[in-house]
Amino acid sequence: MKICIVGAGAIGGYLGAKLALAGESVTLIARGSHLEAIQKNGLKLLMADGSSQIVTPLATSDIQSAGPQDVVILTVKAHSVPAIAPSLPALYNPHTMVVTAQNGVPWWYFRKYGGEYEGTRIQSVDPDGIIEASIGVQRAIACVVYPATEIIEPGVIKHIEGDRFTLGEIDGSKTERIQLLAQTLKQAGFKAPIRNQIRTEIWIKLWGNVAFNPISALTGATLEDICRYPLTRELARQMMTETQAIAENLGIKFGITLEQRINGAENVGAHKTSMLQDIEAGRATEIDAIVGAVAELGKLTQIPTPYINAIYASVKLLEATKVRI
């Protein structure tokens, strides 16, 4: 398959490297020193088991030059999608799938939803409708990303743990195309289960991210630090309680308890969340998709979110004063 990874950073690079090693025709869209290193030396993947491999897929910053693809995997951060979305149609053939692999509430959440909020746009994620207009609901494939990875230097991706990319059609169907995509990912060494209730899977991940990501960004603490310190563990619990109330109002049923979700985060260990990594690197964060969107859904469902609102405001100020967006 012809596969284009748009945003070949930590997660995108990990995906692209493994897919290329499996024999797929991979094009990486990257930029800056990371792109230069890949073009010069290839992309080096350091696995959690200590092994390493180098691949040399096509890498460019020019989306227009990549040509039509069978699959476009969108692994840029959520706040970066509106800027690049208008250039994505250059990658399409009539049957191109666009895999949305962002954290947080996806732009398509209330498309093919069937509930009372059918058609509602998530303003925090796609305020002007540019993403939807550029991708289109029919091309979109949902993906919940679980691996933890880091760029330790330009052109070098370190895999920390995890290999699961959960997939779903947004209407819950099990189409031929998503089965083909899942098989392709499995052949590359990933777990790629297909879920007919992909929104539930999104909420289970978001349930933790809504708390741990911003708390880590504000404190500089790792997951295990946050979970083991009583005051921040309680803060996370309060934010997650608010999140659970919103999700359940939208028909989501959680299969695990809140304490199990916190313990799962603690078990990941001394891992810096992606939001903390962004702050430390002076980059904008996914605060709007991960936290702001949940606050927006709280207003939509008339569920108070005082803890979420306070932490959201704090990270937005941190961005404004430290990142200088």
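All residue numbers here refer to positions counted from 1 along the written sequence of the relevant chain. Since the coordinates come from a predicted model, pLDDT governs what is reported: local features require at least 70, and pairs of side-chain atoms require 80 or more to be given and counted, while whole-chain, interface and lining totals use all residues. Side-chain metrics in this entry use all non-hydrogen atoms of the structure; hydrogen atoms and water are not considered.

The next subject is the domain arrangement of the chain. Domain start and end points were adopted from an automatic or database domain assignment. Under the domain assignment used here, the chain contains domain 1 (2–196) and domain 2 (200–318). Between domain 1 and domain 2, the C-alpha centre-to-centre distance is 23 Å. Any pair of residues with heavy atoms lying within 4.5 Å of one another is described as a contacting pair. The interface is formed by 29 residues belonging to domain 1 together with 27 residues belonging to domain 2. Two parts placed together each lose some accessible area under a 1.4 Å probe, and the buried area is that loss summed for both. Where domain 1 abuts domain 2, roughly 2,200 Å² becomes buried across the two surfaces, and 58% of that area is made up of carbon and sulfur atoms. Here a salt bridge means any side-chain nitrogen of Lys or Arg lying within 4 Å of a carboxyl oxygen belonging to Asp or Glu. Our count for the domain 1 to domain 2 interface comes out at 3 salt bridges. Between Glu-201 and Arg-195 there is a salt bridge, with the nearest N and O atoms lying 3.4 Å from each other.

A few words now on helix 5 (residues 176–187). Each α-helix winds once per 3.6 residues, and so residues spaced three or four apart point in a common direction. Helix length check: helix 5, at 12 residues, gives a terminal C-alpha distance of 17 Å against a target of 16 Å (1.5 Å per residue), a fit within 8%. Turning to helix 5, its buried residues number three or more, namely Ile-178, Leu-181, Ala-182, Thr-184 and Leu-185. Relative to the axis of helix 5, the buried residues are bounded by an arc of 160 degrees and lie together on one face. Those residues of helix 5 that are exposed and aimed more than 90 degrees away from the buried face are Glu-176 and Gln-187. The secondary structure listing takes helices from DSSP runs of H or I that are at least 4 residues long and strands from runs of E that are at least 2 residues long, numbered from the N terminus. What a helix is expected to span follows from its residue count: subtract one and scale by 1.5 Å. Partly exposed describes any residue whose relative accessible area lies between the buried limit of under 20% and the exposed limit of over 50%, with all areas from a 1.4 Å probe on protein chains only and scaled to the type maximum. Read the arc as the range of directions from the helix axis to the C-beta atoms.

Residues are said to line a cavity or pocket when one of their atoms sits within 4 Å of a point; the points come from a 1 Å grid over protein atoms alone, cavities being sets where a 1.4 Å probe fits but cannot get out and pockets being open sets with protein on both sides within 12 Å along at least five of seven lines. Grid points are joined across faces, edges and corners, and a volume is the space filled by probe spheres set on the points. Per the counting criterion, the structure on display carries 2 cavities of 30 Å³ or more. Lining the largest cavity are 24 residues, and of these Thr-100, Gln-102, Asn-103, Gly-104 and Pro-106 lie nearest its centre. Mapped onto the lining of the largest cavity, the elements with two or more residues apiece are helix 4 (130–135), strand 8 (140–145) and helix 6 (198–219). A domain split of the lining of the largest cavity shows at least three residues from each of domain 1 (2–196) and domain 2 (200–318). Its boundaries defined by the atoms lining it, the second largest cavity holds a volume of some 40 Å³. When the residues that make up the lining of the second largest cavity are grouped by side-chain class, the tally is 7 nonpolar, no polar and no charged. In this count, Pro and Cys sit with the nonpolar residues alongside Ala, Val, Leu, Ile, Met, Phe, Trp and Tyr, while Asp, Glu, Lys and Arg are called charged and the others, Gly among them, polar.

Before going further, it helps to examine the pairing of strand 10 (residues 156–161). As paired strands, strand 3 (residues 43–46) and strand 10 are joined by 3 bridges and run parallel to one another. When the sheet's bridge partners are listed, Leu-46 is paired in strand 10 with Lys-158. We treat two strands as partners when DSSP finds at least two bridges between them. Pairing between strand 9 (residues 148–153) and strand 10: 5 bridges, direction antiparallel. Within the sheet, the bridge partner assigned to Glu-150 lies in strand 10 and is Lys-158. The loop that links strand 9 with its antiparallel partner strand 10 comprises 2 residues; one of these, Gly-155, has a positive phi angle of about 85 degrees.

One open sheet holds the 4 strands; their spatial order is 4-3-10-9, and the pairing between them is mixed. A strand with exactly one partner marks an edge of an open sheet, and here the two such strands are strand 4 (52–55) and strand 9. Across the sheet, the mean angle separating the axes of adjacent strands is 25 degrees when strand polarity is ignored. Pairing between strand 3 and strand 4: 4 bridges, direction antiparallel. Paired with Leu-46 across the two strands is Ser-52, which belongs to strand 4. Note on method: axes are straight lines fitted to C-alpha atoms, helices fitted across the in-contact stretch only, with angles between N-to-C directions ranging 0 to 180 degrees.

Time to look at the layout of surface pockets. The calculated volume of the second largest pocket comes to roughly 230 Å³. Together, 16 residues line the second largest pocket, and Asn-196, Gln-197, Arg-199, Thr-200 and Ile-252 are the ones closest to its centre. Looking at which element gives the most residues to the lining of the second largest pocket, the answer is helix 6, with 3 residues. Considering only residue class, the lining of the second largest pocket consists of 6 nonpolar, 5 polar and 5 charged. Looking at which domains feed residues into the lining of the second largest pocket, each of domain 1 (2–196) and domain 2 (200–318) supplies at least three.

The next thing to look at is unusual backbone geometry. Of note, the phi angle at Lys-112 is positive, near 55 degrees, even though the residue is not glycine. For Lys-112, the position within the fold is in the loop between strand 7 (92–100) and helix 4. Take Lys-112: its relative accessible area is 33%, and that puts it in the partly exposed class. Backbone geometry places Gln-302, a non-glycine residue, at a positive phi of 60 degrees. Take Gln-302: its relative accessible area is 72%, and that puts it in the exposed class.

For the rest of this paragraph, the subject is the pattern of salt bridges. Two side chains of opposite charge can pair, provided their charged atoms sit close to one another. Per the stated rule, a full pass over the model turns up 15 salt bridges. Residue Asp-278 is joined to Lys-77 by a salt bridge in which the shortest nitrogen-to-oxygen separation is 2.7 Å. You can see Asp-278 sitting in helix 10 (residues 274–280) and its partner Lys-77 sitting in the loop between strand 6 (69–74) and helix 3 (81–84), a full 201 residues away along the chain. Exposure remark for Asp-278: the relative accessible area of 2% places this residue in the buried category. Residue class for Lys-77 comes out partly exposed when judged on its relative accessible area of 27%. Through salt bridges with shared partners, a single ionic network connects Glu-224, Arg-228, Arg-233, Glu-234, Arg-237, Glu-259 and Glu-266.

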